[in-house]
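Topology and contacts: notes
Below, each chain spelled out in residue letters.
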Amino acid sequence: MTAALRVHVTAADPTVRDGMLALLAGAGIDTAEFDPDADMVVVAAAETVDEALAGCVPGEYPKVVVADSFCPSGALRAVRSGARAMVSTGSTPDQLSAAVHSARHGDGRIPHDVLVRLLGGPEERPAPTKAAVPSTLTPRQTAVLTLMAEGHANAAIAATLSCSEHTVKNVIYDLMARLHVRNRAHAVAKAVRMGLI
């Protein structure tokens, strides 16, 4: 049996904190004080990514960063700090709920416009050139990758493509190996850079 989802909200501005609590309540998600021994997701909210990260509780736990805007460097800082999801302060309760659930289950969720801007900026380090990367993907791999880029979890991808979650996991595993990437976000980023999706 899965433990109930509990969320802790951090925000230096009481108005922002109250707004996040209201959105989460609207999505039917319980909030609680931070407990390092509990299965929790932390929602860090502020005007900027840096302010949101500054208010976070130290430690390793699923994290959602909520900010007014995300520049490429801010998005990179959020990812490097362990954030699994990012949403704007103008998000709906459903969007915030989806981000919280994605973070809890280890799925990355970055808004499309943030991802596009992030990929459009200069690379901080050169991409490895050891192994050849395919110039095309199968239709199923392309479909799965496109749905991943839109932020869908495995269950939603399986439902959309009328296949099992096991099949989706196998396709993602094959994609990771073919593209020589570490995770879903990396796979999407590389595919976009290469023009595969």
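Residues numbered from 1 in each chain as written. Predicted model: local features only at pLDDT ≥ 70, side-chain atom pairs only at ≥ 80, totals over all residues. Heavy atoms only, no water.

Side note on the layout of surface pockets
A probe as big as a water molecule, rolled over the atoms, marks out the empty space that is left. Worth spelling out the cut-off: Put plainly, a pocket is an open set of points on a 1 Å grid over the protein atoms alone with protein on both sides within 12 Å along at least five of seven lines, a cavity is a set where a 1.4 Å probe fits but cannot get out, and a lining residue has an atom within 4 Å of a point. Grid points are joined across faces, edges and corners, and a volume is the space filled by probe spheres set on the points. Only DSSP runs of H or I reaching four residues or more are called helices, and only runs of E reaching two or more are called strands; each is numbered from the N terminus. Note on residue classes: Ala, Val, Leu, Ile, Met, Phe, Trp, Tyr, Cys and Pro are nonpolar, Asp, Glu, Lys and Arg are charged, and everything else, Gly too, is polar.
Put simply, the second largest pocket is a space of about 230 Å³. Met86, Val87, Ser88, Ser91, Gln95, Arg109, Ile110, Pro111, His112, Ala149, Glu150 and Gly151 together form the lining of the second largest pocket. Counting residues per element, the lining of the second largest pocket draws most heavily on strand 5 (residues 83–88), which supplies three residues. When grouped by side-chain class, the residues that make up the lining of the second largest pocket number five nonpolar, five polar and two charged.

Here's the deal with the sheet that holds strand 1 (residues 6–10)
Rules: Only when DSSP finds a minimum of two bridges between them are two strands counted as paired. Contact between two residues is taken to exist if any of their heavy atoms lie within 4.5 Å; hydrogens are not considered. In this analysis, axes come from line fits to C-alpha atoms, helices being fitted only over the stretch in contact, and the angle between any two N-to-C directions falls in the range 0 to 180 degrees.
The strand order across the open sheet formed by five strands is 2-1-3-4-5, and the pairing between neighbours is parallel. The open sheet has two edge strands, strand 2 (30–31) and strand 5, and neither has a second partner. Relative to strand 4 (residues 63–67), strand 3 (residues 40–45) is paired through four bridges, and the arrangement is parallel. Opposite Ala44, over in strand 4, you have Val65 as the bridge partner. In the packing of helix 3 (residues 72–80) onto the sheet, the strands contacted are strand 4 and strand 5, and the crossing angle to strand 5 comes to about 145°.

A word on the packing of aromatic side chains
To keep things clear, this is the line we draw: Paired rings are identified among Phe, Tyr and Trp, the last through its six-membered ring, by centres lying within 6.5 Å, and are further divided according to the angle between planes into stacked (under 30 degrees), edge-to-face (over 60) and tilted (the rest). Residue exposure (1.4 Å probe, protein chains only): buried if accessible area is under 20% of the type maximum, exposed if over 50%, otherwise partly exposed.
Applying the stated rule across the entire model yields one aromatic pair. Summarising the aromatic geometry, the rings of Phe34 and Tyr61 are spaced 5.5 Å apart at their centres and angled 65° between planes, so their arrangement reads as edge-to-face. Placement of the pair is Phe34 in the loop between strand 2 and strand 3 and Tyr61 in the loop between helix 2 (49–54) and strand 4, with a sequence separation of 27 residues. According to the relative accessible area criterion, Tyr61 is buried, its value standing at 12%.

Quick notes on the packing of helix 6 (residues 139–149) against helix 8 (residues 165–179)
Put simply, the rule is: Should an angle lie under 35 degrees it is considered roughly parallel, over 145 roughly antiparallel, and from 65 to 115 roughly perpendicular; all remaining angles are considered oblique.
Where helix 6 meets helix 8, the axes come as close as 10 Å, and the angle between the chain directions of the two elements is 95°. As judged from the angle between their axes, helix 6 and helix 8 are roughly perpendicular. Contacts from Arg140, Gln141, Val144, Leu145 and Met148 of helix 6 reach helix 8 at Thr167, Val171, Ile172, Asp174, Leu175, Arg178 and Leu179.

Examining the environment of Val168
Relative to the helices and strands, Val168 resides in helix 8. Among residues more than four places away in sequence, those in contact with Val168 are Asn154, Ile157, Ala158 and Cys163.

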